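# Architecture at a glance
Listed below, chain by chain, are the residues.
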Amino acid sequence: MDRVALRGLKARGYHGVFPKEREEGQTFIVDLVLSLDTRPAAADDDLAKTVHYGIVAEEVVAVVQGDPVDLIETLAERIAQACLKHEGVQEVEVCLHKPDAPITVPFDDVTVTITRSRV
């Protein structure tokens, strides 16, 4: 499989288990790797035969901005399912960053990474 990657998609969401997270929200960052066969698109130079990553990016941002969930694991799953709705996408890796997580010690980032496929 070939891979199309989108890195650093940013959106404000209201996810988390604490009331402050739900009230104030925070920025989430999403990295995606979409696995698909790009040969048909390359052979015909045809966007319709590949995944339109601009549309995927908009849909992922909409998921992050959408209905709140407690866990970033749940949010990552929703993002993966949105990506797999695109016909050519056979597998997706989602790395969801929560850099402003409510942790009381110094840290750089919190991430959850999942891989889902059409199987």
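Quantities reported herein were computed from a predicted structural model and do not represent experimental measurements.

Criteria and cut-off values
- Residues numbered from 1 in each chain as written.
- Predicted model: local features only at pLDDT ≥ 70, side-chain atom pairs only at ≥ 80, totals over all residues.
- Heavy atoms only, no water.
- Helix = DSSP H or I, 4+ residues; strand = E, 2+ residues; numbered from the N terminus.
- Expected span 1.5 Å × (residues − 1).
- Buried < 20%, exposed > 50% of the residue type's maximum accessible area, 1.4 Å probe, protein only.
- Contact = heavy atoms within 4.5 Å.
- Patch = residues over 30% accessible without salt bridge, like charges linked within 9 Å, V, L, I, M, F, W, Y side chains within 5 Å.
- Areas by Shrake-Rupley, 256 points an atom, 1.4 Å probe, with all protein chains shown as cover.
- Salt bridge = Lys/Arg side-chain N within 4 Å of Asp/Glu carboxyl O.
- Polar contact = N/O pair within 3.5 Å; in protein donor to acceptor, adjacent residues only side chain to side chain.
- Axes fitted to C-alpha atoms, helices over the stretch in contact; angles between N-to-C directions.
- Parallel < 35°, antiparallel > 145°, perpendicular 65-115°, else oblique.
- Left-handed = near helix turned anticlockwise from the far one by under 90°.
- Nonpolar A, V, L, I, M, F, W, Y, C, P; charged D, E, K, R; others polar.
- UniProt positions renumbered as here; feature names shortened; annotations may be inferred.
- Pairing = 2+ DSSP bridges.

If you check helix H4 (residues 72-84), its first and last C-alpha atoms are 18 Å apart, about what 13 residues at 1.5 Å a residue would give, namely 18 Å. Along H4, the residues that are buried comprise Ile72, Leu75, Ala76, Ile79, Ala80, Ala82, Cys83 and Leu84. Against the buried residues of H4 lie strand E2 (26-36), helix H3 (53-65), strand E3 (91-97) and strand E4 (111-117).

Looking now at a nonpolar patch on the surface. On the surface, Val17, Phe18 and Leu71 cluster together into a nonpolar patch covering about 280 Å² of accessible area. Mapping Val17 onto the fold places it in the loop between strand E1 (2-13) and helix H1 (19-24).

With that out of the way, let us pick up the side chain of Gln26. Its location among the elements puts Gln26 in strand E2. By relative accessible area, which is 6% here, Gln26 ends up buried. A polar contact of 3.2 Å, which involves the side chain of Gln26, links it to the side chain of Glu21. Gln26 has contacts with Ala11, Arg12, Gly13, His15, Glu21, Lys98, Asp100 and Ala101, leaving out every residue within four places of it along the chain.

The next subject is the packing of H3 against H4. Viewed as axis vectors pointing N to C, H3 and H4 meet at an angle of 150°, and their least axial separation amounts to 10 Å. Classified by the interaxial angle, the pair formed by H3 and H4 is roughly antiparallel. The interaxial crossing formed by H3 with H4 has right-handed handedness. Note on element contacts: H4 touches H3 through Leu75, Arg78, Ile79, Ala82 and Cys83, opposite Val56, Glu59, Val60, Val63 and Val64. The residue makeup of the contact of H3 with H4, split by class, is eight nonpolar, no polar and two charged.

Right, let's get into the UniProt feature "domain: Dihydroneopterin aldolase/epimerase" (unreviewed entry) in the protein chain. In this numbering, the UniProt entry assigns the feature "domain: Dihydroneopterin aldolase/epimerase" (unreviewed entry) to residues 4-116. Along residues 4-116, the helical share is 34% and the strand share 30%, with 15 Å between the first and last C-alpha atoms.

Below, the discussion takes up the sheet that holds E4. In space, the four strands of this open sheet follow the order E1-E2-E3-E4, with antiparallel pairing throughout. Two strands close off the open sheet at either side, each with one partner strand: E1 and E4. Adjacent strand axes in the sheet meet at a mean angle of 15° when their direction is disregarded. Contacts from H3 reach E1 and E2, with the element oriented near 35° to E1.

Turning to the pattern of salt bridges, a few remarks are in order. For the structure shown, the criterion picks out five salt bridges. For Asp70, the salt bridge identified is with Arg22, shortest N-O distance 2.5 Å. Highlighted residues: Asp70 in the loop between H3 and H4 and Arg22 in helix H1, separated in sequence by 48 residues. For Asp70, a relative accessible area of 44% translates into the label partly exposed. When the shortest N-O distance is used, the salt bridge between Glu77 and Arg116 registers 2.7 Å. Separated by 39 residues along the polypeptide, Glu77 in helix H4 and Arg116 in strand E4 bring together distant segments of the chain. With relative accessibility at 27%, the residue Glu77 sits in the partly exposed group. Judged by relative accessible area, Arg116 falls into the partly exposed class, the value being 30%.

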